[in-house]
Each structure stands twice: as C-alpha cells, then as structure tokens.
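Next come the chains, spelled out residue by residue.
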Amino acid sequence: MARIPDLLPGTLDLLILRTLQKDVLHGWAVSERIQQVSQDVLQINQGSLYPALHRLEHQGWIGAEWKVSELGRRAKYYRLTAAGRRQLAVEAREWERMAQAIGRVMKLA
Amino acid sequence: MTINDLTLRLRALLRPDRAEQELAEELAFHIEREARKLVDEGMTPAEARERAQARFGSTALAADRCRDERGTVVIDSSIRDVQYALRAVAKAPLAALTVVVTVAIGLGVVAVLFTVLNTLIFRVDQVPDVGAMYAVERPPSARADGSLLTRPIFEAMRADTHVFTDAYATVPGIVLHVDGRRMAVTLVTGNFFQVVRVTPVLGRGLVPADDARSGGHAVIVLSHKGWDRHFNRDPNVLGRTVIVNGAPFEIIGVTAAGFRGLEVGGPDVWAPLSQLGQFRPADRGREDTVGVEIVGRLGPHVSTDSARAQLAAWDANQSADTLQGHSTRIDLLPRRGTVPQPLEAVAVFAPLFVAFGLILMIGCANVANLLLAQGVARQREIGIRLSLGASRGRIVRQLMTESVLLALAAAAGGYLISRLALEGAVHFTLRTIPVDIGDVDLTVPAADWRVAVFLVVGAVAATGVFALMPALHATAIDPMRTLRGEVVRDARPGRARNALIGVQVFASALLLICAAVFLRSAIASARFDPGLRTADTVLIDINSEETRAAMIRAVASDATITASAAVRPQLLAPLRLAFADSGAGKTRVACKAVSGSYFDVLDIPIVRGRTFMPSERDHHPVAIVTESVARALWPDGEGVGESVRLEPDAGVQAPSGLLRINPRAPADDGLVQARMVTVVGVVRDVPGLRFTGIKEAGVFLPTGLDVAKTSIVARVQGEPNLARQALLDRLTRIDPNMGTIVTMRSVAGVETFFLQTAFWVSVVLGGLALLLTVSGLFGVLSYLVEQRTREIGLRMALGASPRTVTRLVLGQTTWPVMAGLIAGAALAAALATAVLATPVGALISQIVHVMDPVAYLASLGLIVVVCLLAAWIPAARAAKVDPMRTLRQV
C-alpha cells in the first residue's frame, strides 16, 4: 500500500475542508472519500485525522453533530460552516498558487 | 480565540466526562466502520477488527492529541496545582492557619479604612442612571453674593435652558432639634423625586404641588435613616406630624434604605423648598435671596462640555439683563452621593492607610519568614520534583497556587475581621462619646462588591509578593545535593530574614510611639483645669424667642436647677471683639454679656469689687473685667471704679481650637456699643475650654435672661446626665425645636475623648504590630535553633558554654531589632517635626505633645523587653541542647 507520508503542512486541513464542502460526513467517511477521490494516492494517517478534525472544530470552520450512521449507531458528523467556507476559499487559492509555482519550477528543470 | 472555541473549551471543562466519552465513542466508531468495510470486502469479523485497529494505530495517542487540540491543558494542570496545594496545606495545617490569620488581621484593619473610604468616594447613590446627575456651580467670585445661585435663578435656568432633562434646587444641611434630637433636613423643590427617579417605599414622594409658592403643603418625606432614628421604623408613620418651629408637618412618605438624596450622609427628612421660612425663621421673607444648590439630570445626548458652554452662555446673557459684573463661568460637577473632592478625602486617608498598612506589612513579613523557613524544610521534596524533571517555573507556580489559596481564605477572614472591627468601633464610640455631644448619626458603613474586590486583590497581592520570594529561594537549589539531604547553604535566607525583622520592629516602634504620645496627651488633657465649674453645670440653648418666657419660667421653677445665669453669646460661640481705651492703656478685648449670677454658677472668683446687680441690664454702663485686662488698662490702679471707653471692633475672636462646636453661629452685632463703662468688679482670669478654642472673655457686660439671644447656663443637682435628660424631657414639651442641652462636663471632656480615641486606635494597631512582630521573631528563632541543633551540639561538644550559645541565638536578632528601633523612632520624630511645621500642627502641638521623650522611651523600652522575651525562650532551649544526643543523631 503506497503511502504519501509527508503532506505539505496545512494540506490535511485543506483536504478535510474541501471534502466537507458538499457533504456532511463522519470522520471515517472523510478519510475514505479522500482516499477514493485521490484514487488511493492520498491515504490519511488516521491518527492525525481526528486531531485535525477537532482543531478545525475549535477554529469554528467545521461544525459537528451526532447523527445515526449507516451502521445504525450514532456517529459524529462534520459539516462546513460559513467561516469554513471562507477559509476553504482562501486556502484553495493559496494551494493553487503554490501548485502553479511548483509546476513552473518543474517545467523549467 | 473564537466564541466557538471558548464554548467548546468550556464544555470540555465543565463536562469533562462527557467530552471524554464522546471522544472515545468517535474513535471507536471509526474502527468499527473500517472493520465493517473490511468484512464487506470478505474478511472475517475478528480479522477485520484487528486489521482496522492496526491501521488506526494507537487510539490512546490519537485521543491525547485530540485533547491537546481541546486546549484545556493549562486549566487541567491548574486543577492539579490546587490539589497539590491542598495536600501541602493539609500536611502543615498550623503553618497554613498562621498565614491565613496573620494576613487576615492585616487585611482586616486595612479593609476597615477602605470600607469607610468607599462610602466617601466610590459608593454612588442608588439613583437610576446616576452618572447623568450634575450639580451646577458658580466658582466663588470676589463679590460675595455674585456667585450665589438662588431660587429665581434656578427657575429661570430651568425655563430657559434645555441641557438638563430636568433639574431641582436644594438647600441641604438644615439642622432641627426635634424632641432634643438632631434632625437633618434637606429642602428640595417639588420635582426632586421625579428628577432623581426614586419612588418612596411607603407613601408618596413630594410633588410640585407640595412646593407651590402659595398654597404649598406642610409635608415631609422621611429617609430610611430618619424613619429608623426618629420613628423606630414605625410602619404606621404616615400621617404622623413633626412640629417644626410651631407648625405641624405631615409625614407622607418613607424612602428605601439605599437612597441618600445624592448626599454622602443623606438627611433624615426632605421637605418642600417653599417652606424654607418655617425651617429657618431667620430667612423668612427673604427666601428668594437664599443660596440654593442646583442639581440636574443631563439630557441623553448632551456632553458636559456643551452643557457647561450652554449654561455659561445663558448665564452671561442673564447677567447682562439684570446685574453687571457677574462671573460668567459655570461649573458642572458630578453629583453622585460621594464627596465632591475625592482627592482631598484620599489625602486625608493616606496617612491612615499607611498606619493601618503597617500592620498588613508586618503580617506579610511574618508570612514571608514562615514560608522561607518552610521552603528550606521542603527543599528535599522540591529537589526530588526538580530531579524528576519538573521545571522551576512549574514548581514556583505550584507554590504560588498554594499561597493564592491561602490568600483567598485570608480575604474571607479579613472581611470578617473588618466587619467586627467596624461594628465594635461604632459601638465603642457611641458608648463612650459624651451622650449630649454624641447625638451623631454614626452608622456602620456597609461593605459592597468594591470592598470584596479590594480584599481579594489585597490578599492575593500580599501573599503573592511575599510568597514569591520564598518560592524562588526554595527552587534555587541544586537537586543532586538536596537529594543527598544536604541543606544548601545559599538557600538559607539570613539576610532577607533580618531585613524582615528590622522592618517589623520599625513599624511597631512607629505605631507604639504614636500610642504613647496620645496616651500621655490624653492624661494631660484630662488633668487640664479650664477654671470653670464643669462638674454639675449645663448649657441650655433657647432657639425661639416666642417660647423664651415660657422656657425661663420652666427653668426657674425646675427642681433640678439650683442656680442659673444668662450668657450671650452662647458659651460655645465665638466672642465679639472690642477696643478698650482707659486713657492709661488700651487693648483689644473679647466681650460677652452675662447676668450677675454667671460668676457664681461657673465658680469664677471675683477678686475685687462686686458682680452685676439684678437691676443692671444691657443699657447700664457698667462692666466687669479680668485681672489681666485690668492690668493692661490700669497698670497702676485697682480697676474697680475706673472708666473705660469701649469701641466695637469689626472682628470676632477667631476660634483657635481644633474643634469648632458652633462654627456657624452668627456674630452678635449689637453686643458691644461704643460707650463709656464703669468697672464694678474684677474677676480672675481662667483658661477656658481649651479644645473649643473659646477663651473666656476679658470684659463682661450686664444682661438678663429675658433679653433676646441669651442662653442659659445652670447648675444642676444630682448626676448631670440624668438631670440633662429630665430637663430635656420637660423643656421639649414647651418647644419641641429647642436647641441642645449640653453638660459642661461633656464639653470639657471632648478633648480628652478625642485623644483617648486616638490612643485606642493607635494602641490597638501598635499592640497588633508588636504581637505579630513578637510571634514572628519567636517563630524564626525557634526554627533557627531547630535547624542548627546539630551545629549547636557540635559547638557545645567542642567546649562552648550554655551562655555563649544563648548569646549566639540572641545575637541573631540584636542588629535587626536595634536598626528597626532607631529607624522607627527617627521616622516618628521626623513626622512630628513635619507636623509641627504646618499651621494645623501648631494647634495640634498645644494638645498633643508630639515630641514627648517619655512616650518615645517608654515605647522603645517596651519593644526591647518584649523582643528579649520572645528571643529568650528559643535561646534557652538552644542552651539546653544535649551535645551527645545531637551528635549521635547524625
């Protein structure tokens, strides 16, 4: 199983925010969705996932509520807040800039 | 930190079990969901679970990192600090108790002062939106009447300007005597209660109709204080009447306890301003020229600057219409029921705070010493914790937490002590103040949240500052050596300890010297002979001329009165000055008019000649002079039978005393007329009542009791206070508003009373200071002896005699005690010199002997003796150390 151990700092937050942009998901579904969408390239270290979720919750960018899950027991679901939406826009723009910059450097080389 | 963050943190703090449980549940769900996915992919459930768990890694670690994100670590560790501190307190309860009690005593005495200061400058009145209340003032101008605000000015201002939503005019500070008791009256315009927006709890407030210039009502509203003092909180007080100078006034309302009418003390009664003539007969018919205070509620969108400018503009305009040369400056001063000049109050209180603060300082020095000692004792424990990896900051924080806990307990104790002290002091004062002088409304000032804040901040600051030093000391150690059980030399804070002892002795010396000075002065004052008969004489004021005849008849027929005389002006009022010229000599003299029996009633010996005949009245050209006046006017003659010309002098004899019993007594202009008088008698000079500053007159003129403005001085049978009460009962039936009856004994005792009060305050403070110092000294020396038992044992084994050991221990404290004594005495003397240099100081020094050497020596001696005693016990214990046993213990 190929792992990408070193995401750029802050990237995990960006990925979580982007994943929650459309849907309300619990923690496992967030990691699963990232993995699927990235076609297994990005596998979230699950030990870091929950601290990140809690951090984002404290910052007010995502909200949480307990709902009954597909397993029939209750799970903590996260959704993007208005502040989170703004933050996502900012971080996405930053990421775009960074990716382009790296891309230009790579082409040059 | 966002609101969101805060609520989540709070939730985690308040419901830690719930937050923990949710976290566990969330992580468990993840693993279960992962396992379900693996099962769906075809794994067995057991295998899937194992695999899922493996993929997740350590749930404990993840949970821990989540907790970190929660950000409650700081508080968690604080809780652990508190637990640790409680454990430490439980381990040494006696030391903790000492700290709490010591700081509580110190804080308590300071809190007493703060509570009083609080009522003066911080405690605003219970008036809705009190911050909008302002008093209008004209700065006093050179022309005496120019700055006076009168009722017509008030009414014009109210009609013409709109800076205030509404304003009222008031004449405060009218004193009535109702049934022999002082009743403080404030007159207000009828809109007063509407302006302040206060509704009485019983009945109704005044309304504008009550205050109509014609057809107003004779009604009054009681304050809670007046209701309590004069009517014993009678629930049926409404409808009862109070007689004011012969006219009945109906009580229509009682206000709530907290309302003081925007005054510091608050009156007993509010009455309509239109009734001014009834309350102050002297102003009858000239009500419109009497000065009033104007207080208004500033409009909601008006700044004080613009209000001031508008009022000044209006005033200038107004003055141009009527009078020229008015000052056009208008001041707006906040009116909130506190003293108008808070800075002056602070200035008055500052020296008291210093004196009371000394106690707190001594207490804190004790605490610091104790904690220093404890810190040494705890070096081993701290060493272990340091070597286990605790940071120095962490340990200091733990020690600080401990002292903050103790501080909170001390704050609570300080509150209790301050309440007890205040109640006690008021009770004591009311009990000991002469009953006829003591008709003062002295109430225990209430504590409020400001006092609470003061106590907590004070306690935390005090223990904080004094605990930090020992804490830093205690942690500045080498863990390895302390682990081995070596008490590190550097950590033995001898110098700090000596400084603390020195400071304590210094403060005790200062306070005790004050106490001794006051005591000696009080004794001297009690022995002072005014030369007047004070044991069984009383002064009776006649306030209203209408009832004079009836009063004189009652006094003449009263069985308790054995002799009476007329005196004018009243015995405690300033005397009129006159210029006396005999041809042979001239001098300025103080004059008073008396009836013939005056000298007999007051036991003033007549040296030559005779007293006035009953037939000699105001118009008779006769006089009696004192020996010194006779000497000045006729250096060679006898005086009797000589003639002297008297010319009225513009001045009055300025009272030079500290206490002016009757400062506002109007000068009696008709007393001295320019004429020749013949001296019929010469009396002995007497010192007079010193504290009141009213010396006995030099020239006496004849008068009689039936003459207006004279007062009665009478000799009574039996116990003067009982006689006074009986007279008061009988005479108030004739005139409920009659003036006071004062026994001369009380008047003469006032000075002694004040000195005694000062003595008691300083002796209590000084005693406390000494007690704390001594207990601190004792504690420190005992501890040192214990610490050095091994060393002492060794010294004795090597041949030291018990005497050298005793000297060794005593020598520990000789220098700090001596230094403290010298510094204390020097500062006391410096303060005394500074006081003497001020004008007030010159007056004080007549009564208080600020440089009394006996007082200095006695208090210093007392401190030396007590300190020696405190040091002797540990020293003796050291001398009894058995060298063999201590050496074997090693």
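Everything numeric here is computed off the predicted structure, so don't read it as measured data.

Cut-offs applied
Residues numbered from 1 in each chain as written. Chains lettered and ligands numbered in written order. Predicted model: local features only at pLDDT ≥ 70, side-chain atom pairs only at ≥ 80, totals over all residues. Helix = DSSP H or I, 4+ residues; strand = E, 2+ residues; numbered from the N terminus. Buried ≥ 20, exposed ≤ 12 C-beta atoms within 10 Å, placed from the backbone. Contact = placed C-beta atoms within 7 Å. Arc of directions from axis to C-beta. Core = buried A, V, L, I, M, F, W, Y, C linked by C-beta atoms within 7 Å. Pairing = 2+ DSSP bridges. Axes fitted to C-alpha atoms, helices over the stretch in contact; angles between N-to-C directions. Parallel < 35°, antiparallel > 145°, perpendicular 65-115°, else oblique. Left-handed = near helix turned anticlockwise from the far one by under 90°. Nonpolar A, V, L, I, M, F, W, Y, C, P; charged D, E, K, R; others polar. Expected span 1.5 Å × (residues − 1). Bend = angle between axes of the 7 residues up to and from the residue. pLDDT = per-residue confidence, 0-100.

### Some thoughts on the overall build of chain B
Right, on to step 1. On a plain count of helices and strands, chain B comes out with 27 helices and 21 strands.
Right, on to step 2. In chain B, buried positions account for 41% of the 890 residues.
Right, on to step 3. In chain B, once contacts between residues fewer than 6 apart in sequence are set aside, the share between residues at least 24 apart is 84%.

### Some details on the overall build of chain A
Right, on to step 1. Helix and strand counts for chain A come out as four helices and three strands.
Right, on to step 2. Residue burial in chain A is summarised as follows: out of 109 residues, 31% are buried.
Right, on to step 3. At a minimum sequence separation of 6, the contacts of chain A that also span at least 24 residues come to 47%.

### Focus: helix α23 (residues 789–797) of chain B
Residues and elements named next belong to chain B.
Right, on to step 1. Of the positions making up α23, those classed as buried are I792, G793 and M796. All buried residues of α23 lie within an arc of 100° about the axis, which places them on one face of the element.
Right, on to step 2. One or two residues past the end of α23 sits G799, with phi positive at roughly 115°.

### Focus: the nonpolar core
Residue and element names in this part refer to chain B.
Right, on to step 1. V103, L107 and V699 are the most contacted members of the largest nonpolar core, which has 158 residues in total.
Right, on to step 2. Excluding residues within four positions of it along the chain, V103 makes contact with G363, C364, V367, A407, A410, A459, A462 and T463.
Right, on to step 3. Core analysis: the second largest hydrophobic core is formed by 51 residues, V127, M183, L206 and W227 among them.

### Concerning the sheet that holds strand β2 (residues 62–68) of chain A
Either a parallel or an antiparallel arrangement is found when strands of a sheet pair, and the pairing is made through backbone hydrogen bonds.
Residue and element names in this part refer to chain A.
Right, on to step 1. Spatially, the three strands line up as an open sheet ordered β1-β3-β2, and their pairing is antiparallel. Each edge of the open sheet is held by one strand with a lone partner, namely β1 (25–26) and β2.
Right, on to step 2. Two elements, β1 and strand β3 (residues 74–80), share two bridges in a ladder whose sense is antiparallel. Bridge pairing in β3 links H26 to Y77.

### With respect to the packing of helix α24 (residues 802–837) of chain B against helix α26 (residues 853–879) of chain B
All names here are of chain B.
Right, on to step 1. Where α24 meets α26, the closest approach of the two axes is 9 Å, and the angle between their N-to-C directions is 155°. Taken together, the axis directions place α24 and α26 in an arrangement best described as roughly antiparallel. Judged by the twist between their axes, the crossing of α24 over α26 is right-handed. Across from P802, V805, T806, V809, L810, T813, V817, L821 and A825 in α24, the residues of α26 making contact are Y856, L860, I863, C867, A871, P874, A875, A876, A878 and A879.
Right, on to step 2. In terms of residue class, the contact of α24 with α26 is built from 17 nonpolar, two polar and no charged.

### Quick look at the environment of R182 of chain B
Residues and elements named next belong to chain B.
Right, on to step 1. The topology assignment puts R182 in strand β3 (residues 181–188).
Right, on to step 2. A residue is classified by how many C-beta atoms lie within 10 Å of it, and R182, with 16 of them, is partly exposed.
Right, on to step 3. Along the chain, R182 and D268 lie 86 residues apart, while their C-alpha atoms are 9.2 Å from each other.

### Some details on the interface of chain B and chain A
Many descriptions give the size of an interface as the accessible area lost when the pieces come together.
Right, on to step 1. Taken together, the 23 residues of chain B in the interface contact 17 residues of chain A.
Right, on to step 2. Taken together, the residues of the side of chain B that touches chain A sort by class into seven nonpolar, six polar and 10 charged.

### Focus on the packing of helix α1 (residues 11–19) of chain A against helix α4 (residues 82–108) of chain A
Relative orientation and spacing of two packed helices are given, respectively, by the angle between their axes and the distance between those axes.
Residues and elements named next belong to chain A.
Right, on to step 1. The N-to-C vectors of α1 and α4 enclose an angle of 125°; their axes lie 10 Å apart at closest approach. Classified by the angle between their axes, α1 and α4 sit oblique to one another. The handedness of the crossing between α1 and α4 is left-handed. On the side of α1, the interface is formed by L14, L17 and R18, while α4 contributes G84, Q87, L88, E91, A92 and W95.
Right, on to step 2. The class makeup of the residues in the contact of α1 with α4 is five nonpolar, two polar and two charged.

### What to know about the environment of Q275 of chain B
All names here are of chain B.
Right, on to step 1. Locating Q275 in the fold gives a position in the loop between β8 (269–272) and α10 (276–279).
Right, on to step 2. Linking Q275 and D210, residues 65 residues apart in sequence, is a C-alpha distance of 9.6 Å.
Right, on to step 3. The residues contacting Q275, other than those within four sequence positions of it, are L187, G216 and A218.

### Side note on α26 of chain B
All names here are of chain B.
Right, on to step 1. Along its 27 residues, α26 runs 37 Å from first to last C-alpha, staying within 8% of the 39 Å computed at 1.5 Å per residue.
Right, on to step 2. Bending of α26 peaks at approximately 30° at the position of W872, with proline P874 no more than four residues after it.
Right, on to step 3. The complete set of buried residues in α26 reads A855, Y856, S859, L860, I863, C867, A870, A871, P874, A875, A878 and A879.

### Considerations on the confidence of the model for chain B
Regions with low pLDDT should not have their predicted coordinates read in detail.
All names here are of chain B.
Right, on to step 1. For chain B, mean pLDDT is 80; residues scoring 70 or higher make up 87% of the total.
Right, on to step 2. Note that residues 656–666 has pLDDT below 50 and, in this model, 21 contacts with residues that lie over four places away or in other chains.
Right, on to step 3. Quick note on the complex model: pTM equals 0.65, ipTM equals 0.89.

### Some thoughts on the pairing of strand β9 (residues 293–298) of chain B
Consecutive residues of a regular strand have side chains that alternate between opposite faces of the sheet.
Residue and element names in this part refer to chain B.
Right, on to step 1. The buried fraction of β9 amounts to five of the six residues, a majority that puts the element mostly inside the structure.
Right, on to step 2. Where strand β2 (residues 164–178) meets β9, six bridges bridge the pair, whose relative direction is antiparallel. Bridging from a neighbouring strand, Y168 pairs with V295 of β9.

### So, the pairing of strand β6 (residues 241–244) of chain B
Residue and element names in this part refer to chain B.
Right, on to step 1. Burial along β6 is one-sided: the residues V242 and V244 are buried and none of T241 and I243 is.
Right, on to step 2. Here β6 pairs with strand β7 (residues 247–254) via four bridges, running antiparallel. Residue pairing in the sheet places I243 in a bridge with P248 of β7.
Right, on to step 3. What sits between the antiparallel neighbours β6 and β7 is a turn of two residues, in which N245 has the positive phi angle 45°.

### A look at unusual backbone geometry
All names here are of chain B.
Right, on to step 1. Of note in this structure, N232 is not a glycine but carries a positive phi near 55°.
Right, on to step 2. Take N232: it is sitting in the loop between α9 (224–231) and β6.
Right, on to step 3. Within the chain, L262 stands out as a residue other than glycine whose phi angle is a positive 60°.
Right, on to step 4. With respect to the helices and strands, L262 occurs in the loop between β7 and β8.

### Concerning the confidence of the model for chain A
Right, on to step 1. In this model, chain A carries a mean pLDDT of 84, and residues with pLDDT of at least 70 account for 91%.
Right, on to step 2. Low pLDDT, under 50, characterises residues 1–5 of chain A; the stretch is placed with three contacts to residues that sit more than four places away or in other chains.

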